[in-house]
Amino acid sequence: MAAAAPAPETLAAFEAAKGFMPVREGLALYAAAAEAARLGLPLLEVGTYCGRSTILLADAAREAGTVAVTVDHHRGSEEQQPGWEYHDPEVVDPEVGAMDTLPTFRRTLHRAGLEDHVIAVVGRSPQVARVWAGEVGMVFIDGGHTDEHASADYEGWAPRVADGGLLVIHDVFPDPADGGQAPYRVYLRALESRAFTEVAVTDSLRVLRRTGAGI
Ligand code: SAH
Ligand code: MG
């Protein structure tokens, strides 16, 4: 069976959106989301930014009659702050003088026609995880890239993946020359826990399935 693909207008909205998800990885993310959505549970993303990847989760959720939940404090990661490599001056709130990606995210989602299929949570990932009660069909970790943030995302959210559900991690670079190692370390930890088994690799995107209880 061919991997599920997003609706053409979703793909167009995704390609037009600001963000950090290349198309190849986006298509792999969509295929994982479409599969996980069949469990009928929410799909959860850590790291909304301007909604580029959220659009894909939302489309998969809509198809399956479930919902995408996306968590971000909208103040940007370390490497997105002024003076750093991934800073974008267009997403600074001039009134408070800090980054604010929430308005751009809302416009992106509105333009894609997917607002009804997304619950946006504005907050710090570990705090949200602490008050989150239910199981999810998929957790997509694409938040902060320091060890502190990546491990907190894993510890807070991986235990919420339902049996048979998926844990998807972005920016996994086994070779330090290609990028930071925190997501890679989290990925190794997930495999070592034996609660997850790898099912797909597309560039830096890793898809793992929950197959055991050990976390
Ligand atoms: N998924 C996006 C890219 C996310 S960039 C895309 O497809 O384009 C990483 C995002 O994680 C940033 O918006 C940043 O604000 C957020 N972030 C970093 N650490 C976080 C934390 N501890 N809690 C919530 N959000 C966090
Ligand atoms: Mg990423």
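As recorded in an unreviewed UniProt entry, the chain goes by Class I SAM-dependent methyltransferase and comes from Streptomyces ficellus.

With respect to spatial proximity, 21 residues lie near ligand 1, and among them Phe 20, Gly 47, Ser 53, Asp 72 and Asp 142 are the closest. At 3.5 Å from a nitrogen atom of ligand 1 is found a main-chain nitrogen or oxygen belonging to His 73. One nitrogen or oxygen atom from the main chain of Ser 125 is found 2.9 Å from a nitrogen atom belonging to ligand 1. Considered on its own, ligand 1 offers 590 Å² of accessible surface; in the complex 98% of this is hidden by protein. Of the residues belonging to the shell around ligand 1, the class tally is three nonpolar, 13 polar and five charged.

A few words on the sheet that holds strand S9 (residues 205-210). Read across the sheet, seven strands follow the order S5-S2-S1-S6-S7-S9-S8 without closing on themselves; strand pairing throughout is mixed. Two strands bound the open sheet, and with one partner strand each, they are strand S5 (118-122) and strand S8 (196-202). With strand direction ignored, the average angle separating the axes of adjacent strands in the sheet is 20°. Where strand S7 (residues 161-169) and S9 come together, four bridges link them in antiparallel fashion. Its bridge partner being in S9, Leu 167 is matched across the sheet by Leu 208. Helix-sheet contacts for helix H2 (residues 23-37) involve strand S1 (43-46), strand S6 (136-141), S7, S8 and S9, and the interaxial angle to S6 is about 160°.

A few words now on helix H4 (residues 102-111). Among all positions of H4, only Thr 104, Phe 105, Thr 108 and Leu 109 are buried. Projected onto a plane normal to the axis of H4, the buried residues spread over an arc of 130° and lie on a single side. In H4, the exposed residues that point more than 90 degrees away from the buried face are Arg 106, His 110 and Arg 111. Those residues of H4 hidden inside the fold are in contact with helix H3 (52-64), strand S2 (68-72) and S5.

All right, on to the coordination of the magnesium ion (ligand 2) then. Within the protein, the magnesium ion (ligand 2) binds to Asp 142 (OD), His 170 (ND1) and Asp 171 (OD); these donor distances fall in the range 2.1 to 2.3 Å. The sequence pattern describing where the donors of the magnesium ion (ligand 2) fall on their chain is D-x27-H-D. With a gap of 29 residues between them, Asp 142 in the loop between S6 and helix H6 (147-157) and Asp 171 in the loop between S7 and helix H7 (182-192) connect regions that are remote in the sequence. Asp 171 shares its class with Asp 142; the two are buried.

Here we take up the packing of aromatic side chains. All chains considered together, the criterion is met by four aromatic pairs. Seen from their ring centres, Phe 20 and Tyr 86 are 5.7 Å apart, and the 90° between their planes marks the pair as edge-to-face. Within this pair, whereas Phe 20 is found in the loop between helix H1 (8-16) and H2, its partner Tyr 86 is found in the loop between S2 and strand S3 (92-93), the two being separated by 66 residues in sequence. In this structure Phe 20 comes out as partly exposed when scored by relative accessible area, which is 38%. In this structure an aromatic cluster arises from ring pairing among Phe 20, Tyr 49 and Tyr 86. Positioned above the aromatic ring of Phe 14, the side-chain terminus of Arg 52 is 4.3 Å from the ring centre. If you follow Arg 206 out to its NZ or CZ, it ends over the ring of Tyr 187, 5.4 Å from the centre.

A separate point is the nonpolar core. The nonpolar side chains of a soluble globular protein tend to be buried with one another. Leu 29, Leu 43, Met 138 and Val 168 are the most contacted members of the largest nonpolar core, which totals 31 residues. For this core, the element with the most residues is H2, which contributes eight residues. With residues near it in sequence (within four places) discarded, Val 168 still touches Leu 29, Ala 32, Met 138, Val 139, Phe 140, Ile 141, Leu 205, Arg 206 and Val 207. Listed in part, the 25 residues of the second largest apolar core include Val 128, Ala 150, Ala 190 and Leu 208.

Parameters at a glance
Residues numbered from 1 in each chain as written. Chains lettered and ligands numbered in written order. Predicted model: local features only at pLDDT ≥ 70, side-chain atom pairs only at ≥ 80, totals over all residues. Heavy atoms only, no water. Near = heavy atom within 4 Å. Polar contact = N/O pair within 3.5 Å; in protein donor to acceptor, adjacent residues only side chain to side chain. Areas by Shrake-Rupley, 256 points an atom, 1.4 Å probe, with all protein chains shown as cover. Nonpolar A, V, L, I, M, F, W, Y, C, P; charged D, E, K, R; others polar. Pairing = 2+ DSSP bridges. Helix = DSSP H or I, 4+ residues; strand = E, 2+ residues; numbered from the N terminus. Axes fitted to C-alpha atoms, helices over the stretch in contact; angles between N-to-C directions. Contact = heavy atoms within 4.5 Å. Buried < 20%, exposed > 50% of the residue type's maximum accessible area, 1.4 Å probe, protein only. Arc of directions from axis to C-beta. Donors = N, O, S within 2.8 Å, 3.2 Å for Na, K, Ca; no water. Phe/Tyr/Trp six-rings, centres within 6.5 Å; stacked < 30°, edge-to-face > 60°. Lys NZ or Arg CZ within 6 Å of the ring centre and 35° of its normal. Core = buried A, V, L, I, M, F, W, Y, C linked by side-chain atoms within 4.5 Å.

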